Structure formats: C-alpha cells, structure tokens
Amino acid sequence: MSYYLRDLGPLNNKVSEVVLVNKENNRHEIVKIAFILILGAIAPMLDTTMTNVAINTIMNDLNSSVDIVQWVTTGYILSLGITVLFTGWAADRFSGKNLYIAGIILFLIGSIFSGIASNIDILIIGRLIQGAGSGIVVSLLSTLIVRAAGGKNLGSLMAIVGLPAVLIPILGPTIGGYIIDQLNWHWIFYVNIPIVAVSIALVIWLMPKFPASKKYGKSFDWIGFLILGGMFSSLILGIVKFSNYGNLSSSNVLIPLFVGIDLLVAYVIYAQKFSKHALVSLSLFKSINFSGATVILLMSGITVNGAMFLLPLYLQNVRGLSVVWSGTYLIFQGIGLLASRTQIGKLTDRIGARWVVLVSVVIAVLSTLPFAFFDANTSKYLIWLMLFFRGIGQGGLTIPVMSDSYSGIAAEQVPEATTATRTLQNVGGAFGSAILATVIQSQTNGLVPTVSNLSNAYHDAFIWSVIITAAAAIPAWFLSHHKDLKKQENKNVVKGADQ
C-alpha cells in the first residue's frame, strides 16, 4: 500500500495534522467509476455495428428500399451528432450523474420503440431517440472519467475507456448476426434493455453526483444549435431525395439543398456577429491544423461509416452470405484497426499527422478499390485481407486527425473544438450512409434486383467511396509534420529557459 502525508497547515499555534491516505483505494474507486460508465456506453456502442449487419434483413422484412432504410443508420448518427452540440455545454451546468442517467433512459426508450417497430417509420423514430441518448452517453464517458480522476493518471484510464471502442468493431457484427440468425432483428434492440437496466441501477447506487462545474456563465446557444441542426438535416434530406428523383433539377431535391446552404451562410454571419456567444466559434478555423483536421473528419466519416453501411449489404446481397457470416467477415476489419492502433499513435507523436494520414489514405484507397471489381466468386481470403487493410487505413484516418485537431488551439477553446470535431465526424458518417445509399438506389431504380444488377450498383458505390477517400489527401497536407513538431519543441525549450 502507498500512503502520503498531507499537511493541513497552521492549526492551533502551528499544530499540523498528519493524515494517512490510501492511494490504491482511491485509484480503485476511479477504476470502478470508469467501468460503470463504460457499461452504460456498451449498448450504444454495440448498437451501431449490430444494426449495420441487420439492415438488409430489416429492409426485406419491412418491405422498404435502400434509400428509406438508410435512415435507420443515418437518422441515428445524425441525431447523435446534433446531440453532441448540446451535451458539451450541459455537462458543465448540470449534474453529470443525472445527465448520464437521462441519456441512458433516452437510449432505453429508443431501443423499446425500435424493438416493437412494425413499420419503417416507427423504427426510424426509435433510432432518432436512440441516437439522442447515445450522443449524451458517449460524450459524457470521457468527460466524467477525467473529472473523477482529477486529470491524473489518464493514460491507463483512457486505455480502459478505449477498450470497448477497439473490441466492439470486432465483436459487434458477429454478435448482431448471431442474434438475428437465432431470433430476429427486433432482438438487436431488445437485448439493450437488460444491459441498460443494470447500468442505470449501478449508476444510481455507486456513481458520485459530479455536480455542475459552471453554474453560471455562457448560456446555451439555441439559435446556433437550431441553425446547425437544420443545416445538416436539410443537406442530407436533399441527398436522399436525389435518389428518388434522379436529377438535380427537381424542386424536391433543390429546395432542401438550398435551405442547407442558406443555413450554412446564416450560421457564418451569425457566428461572426455574436462570436462570444456562438456554439462553435469561427476563430477555431484560424488554425490551419484544425481546419484540415475537421475536413478530414467529415470525409473520414463518409469513408468509415458509409462503408460500414455498405459492406454488410454487399456481403449479403452479392456474396450471398448469411447475417452471421457477414458479421464474421467484418471481424477482419476490426482486427486491422486493433493491430495498427498503438503504432499509429506512436508514429503520429514522432513524425506528425500529415504523413501518417497520407499513407493511410493510400492504404484505404488500395484496400477499398478491389471491392468495385469483386464478384460472387472472389476468394474469401482475398476479401478478408482487403478488410484487414481497410481496418488499418480506418485507424490512420481517425486517430492522428483527432489528435491534430487540437494543435494551435488555445486552452479555453478546447471544449468548443471537441464539440466541433465530434459533431463533424458523426455528421460525416450520416452523409456517408446517405450518399452511398443514394448511389445504390439510383443505380437500381426500375431494374429487377438480380445479383448482377445489385453487383453493379454496389461497385459504383465503392468507387464513390474511393473517390471521397482519395480527396482526403488534399486537407491531409495541412496537418502537422515533423518540422512543425521540432518548432514546437524549440518554443517549449525557450519558454522553459525564460521561466
């Protein structure tokens, strides 16, 4: 056991009290809190991967189409991304414990709605509610653990937090496939109920209150929230409408697209005029690293989340795999992400994000492009190999970029930067599912859904994914590299000498 002496200062004519404090018990308490929080986040994290595997089954069972069923994924991710905008502010002004419980309960309500859904409309409503709850829970996970630890020993704690994020992409698709095969797709939502119930009980019983850290101060920017939420929703709606009408001249396509663009312009004007009140300050984009990072996060959301929507459909409809086997195939992508995770972090620290991301773009392009030519007879071993390398590329497109997004950002801007990066990454994922679903739907409109026709549509969708991924090389050039790191080190040395 380790103890330390705490001097309580002058007391009754300089009498000091010596207190023995058990550090190990304190650490055990923090780790316990971390595991309770992680348990609450497991269901939202698993839900996305399991639902992706179920999309094809849901589409057939509810007699839906690709452009409609994609809202099951798109609506969830969009709702999650928009909720993140609110959670960062709320975490400082409300009890963290109460806010976390509210997020879990909201997710539970969405899970019940989704589970009992007998038509696609109810399912989408349930997924929107789930996404809102998930946005609160996942956003609070790291925030509350950092508060519990007092900002100390974060390395080992973040390793605990990061474990589900690594394992779930590996286990989620297989678990989801097995549940659907043995029961039905409704149970991928029902299975959340006992997990969430246990989590709520443990949070109420064992978790501290995490009182508000800022009772007063900057009020929530509801105007900015509504403008940004409306902008993202309108642009995605325009993309989806394009799959129904097939051309950009239709008013049903143009109106939501123009509304989205107008709202973007409106937010820029609003944020310039009310810079101190704006939800996301435009001053963040003065940092070239942050600007490059946010563009890549938006594009990587399209590449990563869009492809995760596309791959299960491709494996089941073109390869003819069962839901269990399609989930098993996707394990190899998770293994690639797991295998590269540590090395990518070390390389980023050593040489900066630029070259790590550029090489990852190349890997992602070279491992995704073959899917545009694979057919039902392609060797499964070749597919597994490409999925493994896709996992490596996926890690290189997210880990260094998230790290680099804070380069050149003032300390007081970190919360806003966190909100912006998380939101753009999630919204990028929603755009990805919508764009690729639109490509598939537009290619199959009016055609008999034979394996040949579906294969051509999926091939085109993979080519779109490759083009968007390759375009990420442009903003990647503006990320940090080894010269920038050396300059920063020299500045720190000079600053240290001055002090």
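Everything numeric in this text was worked out from a predicted model, so none of it was measured.

**Brief notes about the overall build of the protein**
And then number 1: Across its full length, the protein carries 18 helices and two strands.
And then number 2: Buried positions account for 53% of the 499 residues belonging to the protein.
And then number 3: Summarising the internal contacts of the protein: among those between residues at least 6 apart in sequence, 80% fall at separations of at least 24.

**Quick notes on the confidence of the model for the protein**
Note that predicted coordinates carrying low pLDDT should not be read in detail.
And then number 1: On average, residues of the protein score 77 in pLDDT, and 80% of them reach the 70 mark or higher.
And then number 2: A low-confidence stretch, residues 488-499 (pLDDT under 50), is modelled with zero contacts involving residues beyond four sequence positions or located in other chains.

**Considering the environment of Asp460**
And then number 1: Within the secondary structure, Asp460 sits in helix α16 (residues 451-471).
And then number 2: In contact with Asp460, other than residues within four places in its own chain, are Val439 and Gln443.

**Remarks on the nonpolar core**
And then number 1: With 127 residues, the main nonpolar core has Tyr100, Leu123, Trp185, Tyr267 and Phe371 as its most contacted residues.
And then number 2: Here this core takes 14 residues from helix α1 (residues 23-61), the largest share from any one element.
And then number 3: Not counting chain neighbours up to four residues away, the residues in contact with Tyr267 comprise Gly224, Ile227, Leu228, Ala278, Leu279 and Val280.

**A look at helix α3 (residues 71-93)**
And then number 1: When the terminal C-alpha atoms of α3 are compared, their 32 Å separation across 23 residues agrees well with the 33 Å that a helix rising 1.5 Å per residue should span.
And then number 2: The principal kink in α3, of about 30 degrees, is found at Phe86.
And then number 3: Of all the 23 residues making up α3, 21 are buried; the element is thus mostly covered by neighbouring parts of the structure.

**Some remarks on a nonpolar patch on the surface**
And then number 1: Together, Ile288, Trp355, Ile474, Trp477 and Phe478 give the surface a local cluster of nonpolar side chains, amounting to about 540 Å² of exposed area.
And then number 2: Secondary-structure assignment places Ile474 in helix α17 (residues 473-476).
And then number 3: On the accessibility criterion, Ile474 (61% relative accessible area) is exposed.

**Details of unusual backbone geometry**
And then number 1: Positive phi values are uncommon outside glycine, yet Asn63 reaches one of about 50 degrees.
And then number 2: In this fold, Asn63 is placed in the loop between α1 and α2 (66-69).
And then number 3: The exposure class of Asn63 is exposed, given its relative accessible area of 71%.

**Comments concerning the side chain of Thr469**
And then number 1: For Thr469, the position within the fold is in helix α16.
And then number 2: There is a polar contact of 2.7 Å between the side chain of Thr469 and the backbone oxygen of Ser465.

**A closer look at the packing of aromatic side chains**
And then number 1: All chains considered together, the criterion is met by 18 aromatic pairs.
And then number 2: When the centroid spacing of 5.3 Å and the interplanar angle of 85 degrees are considered together, the rings of Tyr381 and Trp384 count as edge-to-face. Taken as a pair, Tyr381 and Trp384 lie in helix α14 (residues 380-404) at a separation of three residues, close to a single helical turn.
And then number 3: Residue Trp384 is classed as buried on the basis of its relative accessible area, which comes to 17%.
And then number 4: Three or more aromatic residues link up through ring pairs in this structure, and these residues are Tyr314, Phe371, Phe374, Tyr458 and Phe462.
And then number 5: Just above the ring of Tyr76 sits the side chain of Arg127; from NZ or CZ to the centre is 4.1 Å.

**Regarding the packing of helix α13 (residues 353-368) against α16**
And then number 1: Orientation of α13 relative to α16, taken along the N-to-C sense of each, is 170 degrees, at an axis distance of 9 Å. Between α13 and α16, the crossing angle belongs to the class labelled roughly antiparallel. For the pair α13 and α16, the contacting residues are Val361, Ala364, Val365 and Thr368 in the first and Phe462, Ser465, Val466, Thr469 and Ala470 in the second.
And then number 2: Residues of the contact of α13 with α16, tallied by class, amount to six nonpolar, three polar and no charged.

**Here's the deal with the environment of Gly176**
And then number 1: The topology assignment puts Gly176 in helix α6 (residues 154-182).
And then number 2: Remark: the alpha-carbon pair of Gly176 and Thr51, spanning 125 residues in sequence, is separated by 7.2 Å.
And then number 3: Residues within four places of Gly176 in sequence aside, it is in contact with Met50 and Ile188.

Calculation notes
- Residues numbered from 1 in each chain as written.
- Predicted model: local features only at pLDDT ≥ 70, side-chain atom pairs only at ≥ 80, totals over all residues.
- Heavy atoms only, no water.
- Helix = DSSP H or I, 4+ residues; strand = E, 2+ residues; numbered from the N terminus.
- Buried < 20%, exposed > 50% of the residue type's maximum accessible area, 1.4 Å probe, protein only.
- Contact = heavy atoms within 4.5 Å.
- pLDDT = per-residue confidence, 0-100.
- Core = buried A, V, L, I, M, F, W, Y, C linked by side-chain atoms within 4.5 Å.
- Expected span 1.5 Å × (residues − 1).
- Bend = angle between axes of the 7 residues up to and from the residue.
- Patch = residues over 30% accessible without salt bridge, like charges linked within 9 Å, V, L, I, M, F, W, Y side chains within 5 Å.
- Areas by Shrake-Rupley, 256 points an atom, 1.4 Å probe, with all protein chains shown as cover.
- Salt bridge = Lys/Arg side-chain N within 4 Å of Asp/Glu carboxyl O.
- Polar contact = N/O pair within 3.5 Å; in protein donor to acceptor, adjacent residues only side chain to side chain.
- Phe/Tyr/Trp six-rings, centres within 6.5 Å; stacked < 30°, edge-to-face > 60°.
- Lys NZ or Arg CZ within 6 Å of the ring centre and 35° of its normal.
- Axes fitted to C-alpha atoms, helices over the stretch in contact; angles between N-to-C directions.
- Parallel < 35°, antiparallel > 145°, perpendicular 65-115°, else oblique.
- Nonpolar A, V, L, I, M, F, W, Y, C, P; charged D, E, K, R; others polar.

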